[in-house]
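An overview of the molecular structure
These are the residues of each chain, in order.
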Amino acid sequence: MKPGPQRADSLQALTQSPLEVLIIGGGIVGAGIARDAAMRGLKVGLVEQHDFAFGTSSRSSRLLHGGLRYLAQGRLGLVREASLEKMILHHIAPHLVEPLPFIFPTYRGNVDWRLWQLQIGVKLYDLLCGGRNLGRSTWLHSEEVMRKVPTLRTANLTGAVRYYDGFTNDARLTLDTLRSAAGSGATLVNYCRFKDAVRIDEGATGSSSGSFSSSSSNPKPQSRHEHNAAGAIWNCEIQDVLAGKTYAVFARTVVNAAGPWADGLPHSAVKLRVTKGIHLVVERRRLPVPETVVMTEGKRILFAIPWGERTILGTTDTDYNGPLDEVTAEAADIGYILQITNQFFPEVRLSTADVISAWAGLRPLVADPGGRPSDISRSHEIKNPEPGWWDVTGGKLTTYRLMAEQVVDQIVISLKKLAVSPPAVAPCRTAMEPLLPASDTQNISGILPPEFCRRVVQHYCAHEWAVHLEDVMVRRTSWYQYHRDAALKAEQVADWMSDLLGWPQAQRAAELQHYHNFARGQQEAPAASSAENLPPE
């Protein structure tokens, strides 16, 4: 492996002098915190044990929404909060946020989703956006629904509501937020694991020699419950996963934004309930939805989302207790989504053979042992369980910027109390300033995959921290998710990256094997006949 000078410089920068903020986790929340803190003038570092956006932040439904389902649950505050954030993201990242119309059909006999209730709901939905949603909500008669979506089930159809939310590319939103953070001075390193940390007297830090050792300088570890003091600092051990070398990083504040991994970190006080959601991608010509169609099973909601020449189907919501690094779309999950889809589109008759790709991700929800997974609140929590340590949990993709603002607000207050913050900390500007100038995103970052060419791969390797083949195929481009011939494309990308990163032949072979293992692992082979996914004749 040839990581390149950018990575070596970043690792050195982390260890040169104490940080104001060290963030653990390179998903969307960690990225948002890094951007906000750096834009305010704080010295910021961020480490991620895998690739940036490896976990939840590249495996969502790609929707930015207030949550019509949460409205039905009476969570008006959460809906308003997310609805306003959706509009902010449309303003600061127009290349990654598109208005997306939804058609929500209703059927006679469905007591969970009645047309008159939804008609009231979507108007309230618009009002909760401050009266400025991405489009005006309306409702449709059954004949209008049939004209718009002719393949939709018509038996007992009573009509539909039509409302707007946002469509994004979750991994690209994370990466562009990180690029913005780096542009404001944040130091970011992927494939770098946080291992442990101890509180010490700042005078004991000495000069950072690049190795973690709490005994070499005779620091005095502080009690977990001891009050913060200006002379106390975190001595953090991080490990370069690619080289195996450990480093000491000193930080006044550590933020645990590790998503599903957050409750496993030393010093973490996080309690999570982790649930799994999967998505499938099929050819849009097989399921030609002109707009997103809402499908229901009882109170649960699933979507058929148009994505260029593809349609995304999802999602499931089930409790998960398996390995966090290897989450699979199991045959039962795939069968469930196909079954619901075929109930709503009986003439389409999708089978597993139609599935181009699948992805499975985890939701790190604030622990609530009671109720169904779909009923658990998506609200977020920010806690300060011990001096200088912050846990951030829960929330949604849509509200990441607000979560970051709230975290940094609290960090700035704590640093000012200690008189260790910079003399002039700027106010939060993340709701107003664009993520990146248009010239930095054109033909590089968007909702649809970029052109398949060497030029974009070269950009990702040189400017977006791409280290492995999977980094480019899955998170930088979505070529894995979008193209049926992704395995063939991976061969070409491996050739380009071999040339750009200096991979020997053995490394190229290992990268391809790892990528193919990932692709196979995302979608478990179905055990039963695909005919079982079809509706009755």
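See the structure above.
Here we summarise the structure given alongside this text. (Residues numbered from 1 in each chain as written. Predicted model: local features only at pLDDT ≥ 70, side-chain atom pairs only at ≥ 80, totals over all residues. Heavy atoms only, no water.)

1. Description of the overall build of the chain
Of the regular secondary structure elements, the chain holds 14 helices and 18 strands. Accessible surface for the chain amounts to roughly 20800 Å². Of this, 51% is attributable to carbon and sulfur atoms. (Helix = DSSP H or I, 4+ residues; strand = E, 2+ residues; numbered from the N terminus. Areas by Shrake-Rupley, 256 points an atom, 1.4 Å probe, with all protein chains shown as cover.)

2. Quick word on the packing of helix α2 (residues 28–39) against helix α7 (residues 170–183)
Across the interface, α2 lies against α7 with an axial gap of 8 Å and an inter-helix angle of 25 degrees. Accordingly, the angle class assigned to the pair α2 and α7 is roughly parallel. Here the hand of the crossing between α2 and α7 comes out left-handed. Counting all contacts with α2, which are made through Ile28, Ala31, Gly32, Ala34, Arg35 and Ala38, the residues of α7 involved are Leu173, Thr174, Thr177, Leu178, Ser180 and Ala181. (Axes fitted to C-alpha atoms, helices over the stretch in contact; angles between N-to-C directions. Parallel < 35°, antiparallel > 145°, perpendicular 65-115°, else oblique. Left-handed = near helix turned anticlockwise from the far one by under 90°. Contact = heavy atoms within 4.5 Å.)

3. Focus: α2
Taking 1.5 Å per residue as the helical rise, α2 with its twelve residues ought to reach 16 Å, and the 16 Å between its terminal C-alpha atoms agrees with that figure. Counting buried residues along α2, twelve of its twelve residues qualify, which places the element largely inside the surrounding structure. For α2, the complete set of buried residues consists of Ile28, Val29, Gly30, Ala31, Gly32, Ile33, Ala34, Arg35, Asp36, Ala37, Ala38 and Met39. (Expected span 1.5 Å × (residues − 1). Buried < 20%, exposed > 50% of the residue type's maximum accessible area, 1.4 Å probe, protein only.)

4. Focus on the packing of aromatic side chains
Taken as a whole and judged by the stated rule, the model has 14 aromatic pairs. Between Phe102 and Tyr163, the ring centres sit 5.0 Å apart and the planes meet at 15 degrees, which makes this aromatic pair stacked. A residue pair is termed long-range when its members are at least 10 positions apart, and Phe102 in strand β4 (residues 98–107) and Tyr163 in strand β6 (residues 157–167) qualify at 61 residues. An identical accessibility class is assigned to Phe102 and Tyr163; each is buried. A centroid spacing of 5.1 Å and a plane angle of 40 degrees characterise the contact between Phe452 and Trp496, whose relative ring orientation is tilted. You can see Phe452 sitting in the loop between α9 (400–417) and α10 (454–463) and its partner Trp496 sitting in helix α13 (residues 486–501), a full 44 residues away along the chain. Phe452 gets classed as partly exposed once you look at its relative accessible area, which sits at 28%. A cation over a ring is seen here: Arg153 above Phe344, with NZ or CZ 5.1 Å from the ring centre. Taking the ring centre of Phe452 as reference, the NZ or CZ of Lys489 above it sits at 5.2 Å. (Phe/Tyr/Trp six-rings, centres within 6.5 Å; stacked < 30°, edge-to-face > 60°. Lys NZ or Arg CZ within 6 Å of the ring centre and 35° of its normal.)

5. Brief notes about the pairing of strand β9 (residues 232–240)
Most of β9 is tucked away: nine of the nine residues are buried. Side chains Ala232, Trp234, Cys236, Ile238 and Asp240 of β9 all project onto a buried face; the interleaved residues Ile233, Asn235, Glu237 and Gln239 project onto the opposite face, where all are buried too. In terms of strand pairing, strand β8 (residues 192–201) meets β9 through nine bridges, oriented antiparallel. Paired with Val198 across the strands is Asn235, a residue of β9. Between the end of β9 and the start of strand β10 (residues 246–256), which pair antiparallel, lie five residues, with Gly244 showing a positive phi angle near 80 degrees. (Pairing = 2+ DSSP bridges.)

6. Quick notes on the environment of Ala426
Position of Ala426 among the secondary structure elements: in the loop between α9 and α10. We classify Ala426 as partly exposed; its relative accessible area is 22%. Taking the C-alpha atoms as reference, Ala426 lies 10.0 Å from Val412; in sequence the two are 14 residues apart. Setting aside chain neighbours within four positions, we find Ala426 in contact with Met39 and Arg40.

7. Overview of the pairing of β10
For a regular strand, side-chain orientation follows a simple rule: the groups alternate between the two sheet faces. Judged by how many residues are buried, β10 sits mostly within the fold: ten of eleven residues are covered. Bridge count for β9 against β10 is six bridges, and the pairing is antiparallel. The partner of Glu237 across the bridge, within β10, is Ala248.

8. Some details on the pattern of salt bridges
The final tally for this structure, using the stated rule, is 30 salt bridges. A salt bridge links Arg475 to Glu470; the shortest N-O distance between them is 3.0 Å. Both residues of the pair, Arg475 and Glu470, belong to the buried class. (Salt bridge = Lys/Arg side-chain N within 4 Å of Asp/Glu carboxyl O.)

Distances and angles like these do not, on their own, reveal function.
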